Amino acid sequence: MHDRKLVGTYLRLGLSGEHGWRTFKLRQDFAASSKIQTEDDISASVVVPGRALRGLPEYFTSWQGPSFKFVSNCEYRLFQRPDDAVHRGLDKQAEADLARRDVNFISNFEPLTYEQVRDMREKAIDFDAFTLPMQELLQSVVDGEVDSGYVVCSANPRRIGGVATKNPRYLQDRPDMADPFPKYVAEMGTRLWRAIPAGEPVHMPVNSVLSGRRNNPPDKQAGIRSLAVYGPIHYQELPELFMDYMCSLTGKSPSTTAAGSEGALTKGPFNDLRTAADLNAALVSSILTGLGGYSSAAGHIGPDHRFDHDISLLIPEVWSRLSFEERDPRYLLANRLIEAVPDLDWQGRMVPARRLGYRITSRFVRRFFGRVFDNPDKVFDESILRPELQDRDAYCDGIEYIMEAYTRTAKQYIEDGTYDECCPPLQALLKIMADGTFEGRTETHPDIRRMFSRDVMLSSDWYQARLAARQRRDVALWQRHIGYLDESLRVSAGMSAEHQQELRSRRDKSAATLAHVSATEYLGELQGTLGAHPFPE
């Protein structure tokens, strides 16, 4: 039909039992979105006031705040963990990458000998399940074309004590740099749609934030408590969202030693600054951009349902088919597409499940997953949307475990001085996390929630202090530039006249910029930006 072969396509979404796949038929007219991944672990971001931008369509400015966030990757390669590569032929990208003959960076894959590869080749049916690049690599070993005594296969993670590791890794060249054509097509299509002239930039601001969660079921034998209390998609308002962010909570992971408070914000070797600098900037960004704080589940939902990363991989397909209005939490709440998570009475005490925020309902699944699946009602039943229906005791214990982590982390922040560098809204949250209240009020009090509003932040002394710090840094930066250029001009006798003229031109521009950033009016230009963390001087 229209030069397209119609075939039934199915998508795995979780596992039933240990190995049984839950597969669901996609709509006959479904076509997967083209996803361009440009960032992984380390990115640089900036928040720009909308008044400084041209070419943004009305649907951006209507449904977001007055400022926009832009992200750029700082890395050439992505640190990939190809979990599904153990299933031959499933992860085509990983097989193609690991079959490369030039340079590969590989960790935790088993070094296979000639004899092992020859045995694999003799099992023709299993061997043919590999994609062609991996078949050709392994065949070249059998044919004696490879000098090395070992080869790595995508389906064979390293075995430690006879057990395959769950943490195989490799570095993948960034797809947008290895093949820039898809990104070029996306940018050109956007330019034509927005009617942006050829000489002007195509702005691609962040328009959705969906944090990923790793949830684990309880393991009484190992002494690990449950974190599988979240549904497939949650929305949290800023107070509850930043309680999670400050705790950096994650479940048991192959990449870490245990469950608990983990993540980049808590790993000192990767960041010598106290976490207040990052948290303050993240809060300012969230308030200015007005982006809703959504999260998706990985790992388990409740003790009975294992999903690994399937939901995280599905979310872009669903989210890209939502309009800006449909992504707005106010719209979702008004149409009963999300519901507040209720507190529960358990063993004679109240469990504050409200801090999980809002979770999607069956109406959300029918309306939006129906754009992907033939029978969306079958994808998530009520026990998945409401994990407490699986095991109430495990659910309530998991929430209490999270609350204990909140308290422990908040007290550490107070003791190590991080609290003193946090902005007032985050200080209030830390006190609530540590002691239960801040000046006699919990996070549900209107006065606490007003601290996270845009108008209150823009008029606050602490935000103005960030802008003043940004101005001081900019003044110091351009003073250094001028000092460097003056020194270069002082020793420029042996340079060409053209080079000397270039230095003088740069010096004049730097002096003009220094005068601009030193002016009182510059503070007004910074309004709507992140400012800068006012470190003690």
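A quick note: this is a predicted structure, and the numbers were derived from the prediction, not measured. (Residues numbered from 1 in each chain as written. Predicted model: local features only at pLDDT ≥ 70, side-chain atom pairs only at ≥ 80, totals over all residues. Heavy atoms only, no water.)

Draft legend 1. Up close: the pattern of salt bridges. Throughout the structure, instances matching the rule amount to 36 salt bridges. The shortest N-O distance in the salt bridge between Asp102 and Arg100 comes to 3.0 Å. Overall, Asp102 belongs to the exposed group, its relative accessible area being 56%. Glu382 is the salt-bridge partner of Arg386, the closest N and O atoms lying 3.6 Å from each other. With relative accessibility at 33%, the residue Glu382 sits in the partly exposed group. Within this structure, Glu339, Arg359, Glu382, Arg386 and Glu388 form a network of salt bridges that share partners. (Salt bridge = Lys/Arg side-chain N within 4 Å of Asp/Glu carboxyl O. Buried < 20%, exposed > 50% of the residue type's maximum accessible area, 1.4 Å probe, protein only.)

Draft legend 2. A look at the side chain of His300. Locating His300 in the fold gives a position in strand β16 (residues 293-301). Among the residues examined, His300 registers a relative accessible area of 17% and is labelled buried. Each residue touching His300, except ones within four places of it in the same chain, is listed here: Asn215, Pro217, Ala228, His305 and Arg306. (Helix = DSSP H or I, 4+ residues; strand = E, 2+ residues; numbered from the N terminus. Contact = heavy atoms within 4.5 Å.)

Draft legend 3. Just helix α5 (residues 132-142), in detail. Within α5, the full set of buried residues consists of Met134, Gln135, Leu137, Leu138, Ser140 and Val141. Structurally, α5 contributes buried residues whose contacts are with α2 (92-98), α3 (114-122), α4 (124-127) and β8 (151-157).

Draft legend 4. Focus on a nonpolar patch on the surface. A surface patch of nonpolar side chains, about 380 Å² in accessible area, is lined by Tyr59, Trp63 and Trp193. In this structure, Trp63 sits in helix α1 (residues 58-63). Relative accessible area serves as the criterion here: at 33%, Trp63 is assigned to the partly exposed category. (Patch = residues over 30% accessible without salt bridge, like charges linked within 9 Å, V, L, I, M, F, W, Y side chains within 5 Å. Areas by Shrake-Rupley, 256 points an atom, 1.4 Å probe, with all protein chains shown as cover.)

Draft legend 5. Spotlight on the sheet that holds strand β11 (residues 169-173). Read across the sheet, 3 strands follow the order β5-β11-β6 without closing on themselves; strand pairing throughout is antiparallel. Where the open sheet ends on each side, the last strands, each with one partner, are β5 (77-80) and β6 (106-107). (Pairing = 2+ DSSP bridges.)

Draft legend 6. Representation of the layout of surface pockets within the structure. Estimates place the volume of the second largest pocket at around 800 Å³. Around the second largest pocket, the lining comprises 33 residues; the ones closest to its centre are Tyr235, Gly290, Leu291, Gly292 and Pro329. At the level of elements, α1, β13 (233-236), α8 (238-247), α9 (276-289), β16, α11 (324-327) and α12 (329-334) are the ones that each hand at least two residues to the lining of the second largest pocket. Residues of the lining of the second largest pocket, tallied by class, amount to 16 nonpolar, 11 polar and 6 charged. (1 Å grid on protein atoms, 1.4 Å probe; cavity = no way out; pocket = protein on both sides within 12 Å on 5 of 7 lines; lining within 4 Å. Points joined across faces, edges and corners; volume = space filled by probe spheres on them. Nonpolar A, V, L, I, M, F, W, Y, C, P; charged D, E, K, R; others polar.)

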